[in-house]
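# Coordinates in review
Spelled out, the chains give:
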Amino acid sequence: MKRLRSLVAVTLALLAGRAAHALGDQTQFLADGKLEVRVSSPWPAHLSQGVAPIFVDVSNQGDTPRVVSLRAQCNDWTAMRTIDSTFELAAGERAHVELLAPAMGAWDNDYSLQVTTRGSSSSASFGSVCSGGAPQGYSSVLVLGESEVPESVVTSWIERCSDARVNTGYGATAPSTPDNVQIGHARFEQMPRSASAYTSLDLAVLDISRGWPSDNALGPLLAWVRNGGALLVSGPDAPELARRHALFAAWLEPRFVREEDGTSHALCGLGRLMLVNESELMESQRVRELVRASAQRDLGFWPSYNGGSRSAAADPRIPDVGRVPYRVFALLLIVFAILIGPVNFIWVRRLRKPVMLLVTIPALAIGTSIVLLVYGVFIQGLDVKTASVSVAVLDQREHRSACVEKRMLFAGMAPSDGLRPGPGTAVQALSSSVTTFGAVRDRLNLDIELTPNVLLKGDFLPTRAVVLQLLSTERAERARLDLDARGESYEVTNNLGADVERLVLRDRAGNYFWTDARLAAGGHGTLQAVPAESGEELARTLLAEPMVLSPELDWTASFAAQRERLPIGTYVASLRRTPFSDDCGVATNEIVGSHRLFGVLPLELEAWR
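Overview of the structure.

Rules and cut-offs
Residues numbered from 1 in each chain as written. Predicted model: local features only at pLDDT ≥ 70, side-chain atom pairs only at ≥ 80, totals over all residues. Heavy atoms only, no water. Helix = DSSP H or I, 4+ residues; strand = E, 2+ residues; numbered from the N terminus. Contact = heavy atoms within 4.5 Å. Areas by Shrake-Rupley, 256 points an atom, 1.4 Å probe, with all protein chains shown as cover. Pairing = 2+ DSSP bridges. Axes fitted to C-alpha atoms, helices over the stretch in contact; angles between N-to-C directions. Salt bridge = Lys/Arg side-chain N within 4 Å of Asp/Glu carboxyl O. Buried < 20%, exposed > 50% of the residue type's maximum accessible area, 1.4 Å probe, protein only.

### Some points on the overall build of the chain
The number of helices and strands found in the chain is eight helices and 32 strands. Expressed as a percentage of contacts within the chain between residues at least 6 apart in sequence, the contacts between residues at least 24 apart total 70%. Of the roughly 26,300 Å² that the chain leaves accessible, carbon and sulfur atoms contribute 53%.

The following block contains the structure:
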C-alpha cells in the first residue's frame with residue numbers, strides 16, 4: 001500500500017510539473033466581468049526548497065470599490081500550506097500581489113488559487129499556479145533577461161545544460177532527454193520585490209546582453225546572493241560592467257575576486273558571483289558548464305525535502321525538551337494507584353461511609369490529572385526555548401548584514417499571534433512532523449497571512465511541540481567593530497550588540513591579530529599580533545563550524561594562493577548570540593547556541609574607527 005501511495009505521489013508530481021511548466025498566464029473575470037484577475041509564475045517547473053512567488057494582478061474595472069480575497073493552497077503528503085491575502089481596490093485601480101509560497105513539498109508544490117470579492121457570489125479558481133515538487137536529482141535555475149524567450153528555447157536550455165535523466169523511481173519511466181537542470185525564464189519586469197522569492201532557486205542567471213534591470217529589481221536579487229545565493233552574470237564585458245555598477249562594485253574588489261578559465265569568481269556575503277564575457281547566453285559552452293556545475297543544491301543554505309545543503313551539518317538541539325519524563329510519570333501513577341486503592345478504601349472503611357467512594361475516587365482522579373498536567377507544563381516552562389546555529393556577514397562598508405540561522409524551537413505556550421518576520425526575512429519550516437510529548441503528527445498545517453504584514457501561524461510555532469526552522473535575514477545594519485591601530489596591536493571596541501568570545505582580524509597589510517578574551521557588548525579590548533601560520537589556523541577553526549564552510553564550496557580558497565586565508569581587511573568572530581537574525585516578534589530563551597560572524601572592513605584605515 002505504501003508503495004502504491006508513493007507511485008501515485010510521483011505521478012501527481014510529474015503531472016503537476018508539466019502543468020506548471022506550461023502555465024504561462026491565466027486570466028479570469030468575476031463580478032460580472034468588472035474584476036480582472038491574472039495569475040502567473042515564471043519559476044522553474046520543479047522546486048523543493050525555500051519560497052517561490054505567485055504573481056497576481058487584479059484590476060477593478062467597475063465604478064465602485066471592491067474588497068478582494070486571495071487564498072492559495074497546496075495539499076502535499078507532508079503539509080497543508082495555506083496563504084491568505086485581503087485588500088481593497090478603488091474604482092479603476094490595479095494591484096500587483098506577490099504571494100510567497102513555501103516550496104518545500106516532497107512531491108507537490110502545485111498550488112490552487114481561489115479569488116473572491118465581497119458582495120459578489122462569483123469567484124475565480126486557478127489551478128497549477130506554482131510548480132511541481134523536485135525529486136532528488138533536480139536543480140532549479142532561473143534565467144533573467146530583458147525580453148521574452150519562447151518556451152521551446154527554454155526547453156532546449158534544459159536539454160543542453162542537463163547531463164542526467166532524473167528517474168523518480170517506483171516504476172516511473174525516465175525522460176528521453178537529460179533534464180536534471182530545470183530552468184525557468186523571467187523578464188526583468190517580472191523580477192520579484194522580495195529577496196525571499198529567490199530562496200527556491202539553486203542558481204540565478206542574469207543576462208545583461210541588452211542592458212541591466214533597474215536597481216529596484218536588482219536589490220532583492222543581490223540581497224538573496226548575500227544570504228547564500230549564487231548568481232551568474234553573462235554578457236559582453238560583463239565583468240567590467242559589473243565592477244562599474246554601484247550595486248556590484250563593493251564585492252568585486254580584488255581581495256574578493258579570483259580569475260579562473262576566463263570567469264571571474266567573487267565572494268558576495270555568504271553567496272557567490274560568477275561573471276563571464278559572453279555575447280550569447282546558452283550558446284556558450286562555458287556558460288552551460290557553469291550552469292551545470294553551479295546549480296548544485298548542497299552549495300546553498302536552503303535544504304530541500306530530497307537534498308542536502310550547507311546547513312545540513314548544523315544540528316541545534318534543546319537538551320531534554322519535548323521528552324516525556326517517563327520515570328516521574330510512572331512514580332506519580334504508582335502513588336496515584338496506592339492512594340486511590342488501598343489508602344482510599346482503608347480511610348473510607350474507618351469512616352464507615354462507603355458512599356464516600358463516589359466522592360473520593362473522582363476527586364483523587366481529578367487531583368492526580370491536575371498534578372500531572374501542572375508538572376508537565378512547568379517542568380519545561382512557558383517560555384519559547386531555542387537552540388540555534390547561525391552565520392552572518394556584516395559589511396561595515398555598506399552598513400548591511402546578512403544572516404542565516406538554523407534553530408530548534410519549543411514553545412511552552414505559543415503566542416497567539418504566531419511569527420511576524422520583518423522585511424528581508426524568509427522562514428522555512430524544516431520539520432516534516434510535529435512531536436508533542438512523544439505523540440507524532442506526520443502532517444503540518446502551515447498558515448500564512450499577508451494582510452497587512454506577513455503572519456506565520458499554525459505549525460510554524462505550535463504549543464509544546466519541537467519544530468526546526470531555517471531563517472535568512474538581510475537588512476540595513478549600524479552594528480560594527482571599531483578598531484584603532486596601536487603599533488603591534490589593535491584596540492577594539494565592541495559595538496556589535498552581542499558578546500564576542502573569540503576574534504581573528506586580518507588587517508589591510510595581511511597581518512593577523514587575535515584575542516580569546518570575552519569582549520562584552522560595548523566593551524573594549526586588545527587584539528595581539530600572531531604569526532601568519534597561527535592566524536590562518538585560528539581563522540580556519542572558526543570558519544570550519546557548521547554552515548560556514550563545506551567541502552564543495554571552500555570559498556576561502558578563492559582569495560589567496562595559500563588556502564583558507566581570510567581576505568585582507570576582514571575578521572571572523574565567535575559570538576555569544578547573534579544580533580543579526582530576526583526574532584519574528586517572539587521573545588526567545590536561547591539554551592544552546594553557536595554563532596559565527598564574518599566582518600568586512602573598508603580598506604581606508606581611518607574608516608575603521
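### Thoughts on the sheet that holds strand 2 (residues 35-40)
Across the sheet, four strands lie side by side as 1-2-3-6; this open sheet has antiparallel pairing. The sheet is open, and its two borders are formed by strand 1 (25-30) and strand 6 (94-102), each paired with just one other strand. When strand polarity is set aside, the average angle formed by the axes of neighbouring strands in this sheet is 20 degrees. Pairing between strand 1 and strand 2: six bridges, direction antiparallel. Bridge assignment links Asp-25 to a residue of strand 2, and that residue is Ser-40.

### Remarks on the sheet that holds strand 11 (residues 139-145)
A sheet is described by the order of its strands in space; here seven strands give the open sequence 12-11-13-14-17-16-15, paired in mixed fashion. Two strands bound the open sheet, and with one partner strand each, they are strand 12 (181-187) and strand 15 (257-260). Direction aside, neighbouring strands of the sheet carry axes that sit 20 degrees apart on average. Examined bridge by bridge, strand 13 (residues 203-207) and strand 14 (residues 230-235) share four bridges and lie parallel to one another. Across the sheet, residue Ala-204 finds its bridge partner in strand 14, namely Leu-231. Strands in contact with helix 5 (residues 285-294) are strand 11, strand 12, strand 13, strand 14, strand 16 (263-268) and strand 17 (271-277); relative to strand 17, the strand with the most contacts, it is inclined by about 170 degrees.

### Quick look at the pattern of salt bridges
Pairing of side chains with opposite charge becomes possible as their charged atoms draw close. Inspection of the entire model under this criterion finds 25 salt bridges. Asp-84 is the partner of Arg-71 in a salt bridge, and the nearest nitrogen-oxygen pair spans 2.7 Å. One end of the pair, Arg-71, is in strand 4 (residues 66-75); the other, Asp-84, is in strand 5 (residues 79-89), with 13 residues separating them in the sequence. Judged by relative accessible area, Arg-71 falls into the partly exposed class, the value being 39%.

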